[in-house]
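Each chain, written out:
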Amino acid sequence: MEMNASYTSLVAVGDSFTEGMSDLLPDGSYRGWADVLAARLAAHTPGFRYANLAVRGKLIAQIVDEQIDVAAAMRADVVTLVGGLNDTLRPKCDMGMVRARLEEAVERLAPSCGQLVLMRSPGRNGPVMERFRPRMEELFTLIDELAGRHGALVVDLYDAPSLGDPRMWDVDRLHLTAEGHRRVAEAVWQTLGLPAELDWRTPMPATVPPRWAVRRVDDVRFARQHLAPWIGRRLTGRSSGDGRPPKRAELVPYEPPLS
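Residues numbered from 1 in each chain as written. Predicted model: local features only at pLDDT ≥ 70, side-chain atom pairs only at ≥ 80, totals over all residues. Heavy atoms only, no water.

**Here's the deal with the packing of aromatic side chains**
With the rule as written, the count across this model stands at 3 aromatic pairs. Centroid distance phenylalanine 17 to tryptophan 33: 6.0 Å. Interplanar angle 40 degrees. Geometry classified as tilted. Of this pair, phenylalanine 17 sits in helix H1 (residues 16-19) while tryptophan 33 sits in helix H2 (residues 33-44), and the two are 16 residues apart along the sequence. Accessibility classification places phenylalanine 17 together with tryptophan 33 in one group, the buried group. Between tyrosine 50 and tyrosine 254, the aromatic rings sit 6.1 Å apart at their centres with planes inclined by 50 degrees, giving tilted as the arrangement. Of the two residues, tyrosine 50 is situated in strand S2 (residues 49-52) and tyrosine 254 in the segment after strand S6 (248-253); the sequence distance between them amounts to 204 residues. A single burial state applies to tyrosine 50 and to tyrosine 254, both of which are buried. Positioned above the aromatic ring of tryptophan 189 is the side chain of arginine 40, whose terminal nitrogen or guanidinium carbon lies 4.1 Å from the ring centre. (Phe/Tyr/Trp six-rings, centres within 6.5 Å; stacked < 30°, edge-to-face > 60°. Helix = DSSP H or I, 4+ residues; strand = E, 2+ residues; numbered from the N terminus. Buried < 20%, exposed > 50% of the residue type's maximum accessible area, 1.4 Å probe, protein only. Lys NZ or Arg CZ within 6 Å of the ring centre and 35° of its normal.)

**Things to note about the pattern of salt bridges**
On inspection of all chains with the given rule, the structure shows 19 salt bridges. Across the salt bridge formed by glutamate 66 and lysine 58, the nearest N and O atoms sit 3.2 Å from each other. Looking at glutamate 66, the relative accessible area reads 43%, which means it is partly exposed. What makes lysine 58 buried here is its relative accessible area of 8%. Where aspartate 65 meets arginine 101, a salt bridge forms, and the shortest distance between an N and an O atom there is 2.6 Å. Placement of the pair is aspartate 65 in helix H3 (residues 60-74) and arginine 101 in helix H5 (residues 95-109), with a sequence separation of 36 residues. For aspartate 65, a relative accessible area of 57% puts it in the exposed group. A single network of salt bridges, built from pairs that share partners, joins Asp65, Asp69, Arg101, Glu104 and Arg108. (Salt bridge = Lys/Arg side-chain N within 4 Å of Asp/Glu carboxyl O.)

**A word on the pairing of strand S4 (residues 115-120)**
Burial analysis of S4 places 6 of its 6 residues in the buried class, the great majority of the element. Burial of S4 is two-sided: the residues Gln115, Val117 and Met119 facing one way and the residues Leu116, Leu118 and Arg120 facing the other way are all buried. As judged from the 4 bridges shared by strand S3 (residues 78-82) and S4, these two strands associate in the parallel manner. Paired with leucine 81 across the bridge in S4 is leucine 118. Both S4 and strand S5 (residues 153-156) contribute to a ladder of 4 bridges, which runs parallel. By the bridge assignment for S5, methionine 119 is matched with valine 155. (Pairing = 2+ DSSP bridges.)

**Regarding the sheet that holds S6**
The 6 strands are arranged S5-S4-S3-S1-S2-S6 in an open sheet whose pairing can be described as mixed. The sheet terminates laterally at S5 and S6, the two strands that pair on one side only. With direction set aside, neighbouring strand axes in the sheet form an average angle of 15 degrees. Along the sheet face, H5 touches S3 and S4 and points at about 180 degrees away from the line of S3. (Axes fitted to C-alpha atoms, helices over the stretch in contact; angles between N-to-C directions. Contact = heavy atoms within 4.5 Å.)

**Looking at the confidence of the model for the chain**
When pLDDT is averaged along the chain, the result is 87, and 81% of the positions lie at 70 or above. Contacts of residues 1-5 to residues separated by more than four positions or lying in other chains number 10 contacts, the stretch itself having pLDDT below 50. (pLDDT = per-residue confidence, 0-100.)

**Examining unusual backbone geometry**
A cis geometry characterises the amide bond from methionine 21 onward to serine 22, with omega recorded as 5 degrees. Here serine 22 is to be found in the loop between H1 and H2. Notably, arginine 75 is not glycine yet its phi reads approximately 50 degrees, a positive angle. Mapped onto the fold, arginine 75 is located in the loop between H3 and S3.

**Here we look at the packing of H3 against H5**
Across the interface, H3 lies against H5 with an axial gap of 10 Å and an inter-helix angle of 5 degrees. When the axis of H3 is compared with that of H5, the two are roughly parallel. Residues Ile60, Ala61, Val64, Asp65, Ile68, Asp69, Ala71 and Ala72 of H3 touch H5, and the partners they reach there are Met97, Val98, Arg101, Leu102, Glu104, Ala105, Arg108 and Leu109. Across the contact of H3 with H5, the residue classes break down as 11 nonpolar, no polar and 5 charged. (Parallel < 35°, antiparallel > 145°, perpendicular 65-115°, else oblique. Nonpolar A, V, L, I, M, F, W, Y, C, P; charged D, E, K, R; others polar.)

What follows is the structure, encoded as structure tokens:
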């Protein structure tokens, strides 16, 4: 398999989606699509370097203030930027601010790297999605505009029905499973112009839907274990990423996790 030799380094910028939740490893850490992509690139490129600056819970202003200058200084061949979605899921969201900060991020990153990659994030169906869909689509329209203006690539996961399948999502209903992350890695891989290894858009095999009683039990468990804590953090201004360092703070040769 021939690889594009120019892809010798990758820097990933963003929030929990890029950190890799909920693709859990045996040691309790998270893998995620960016790690999967880095491992595949490293397998074909000796000395391949990788940094992942993502931290769960970060809003677009925090991503810009804490990650963008660091990423730009690394001068990587590929930089991925996924941010702003956490803002759209807040009860109150200043979309003008989101637009301005995302524009700032792209304007600073695009000239600093060989290829900037943006993303229209996936979304599962449901009442929460419907409530925030207009904001999300406004964000994705901006991403398309910025990509066209600055020569960035866009990975369109939002319009992929396969990633809307509930089985692609963890029990918190906010983060992808290992299979979901694997497919995102393949989508980015193909967007970079590399030979396809699987069809990430292929739907999962059909199964019998769970019974009504099972779904209600799952709903109650979700509300108690995930929704209530999430609302609590929103109301108190706290974040799941408070005090947490970047996942891989330095651009160094890729090494797989020990587990």
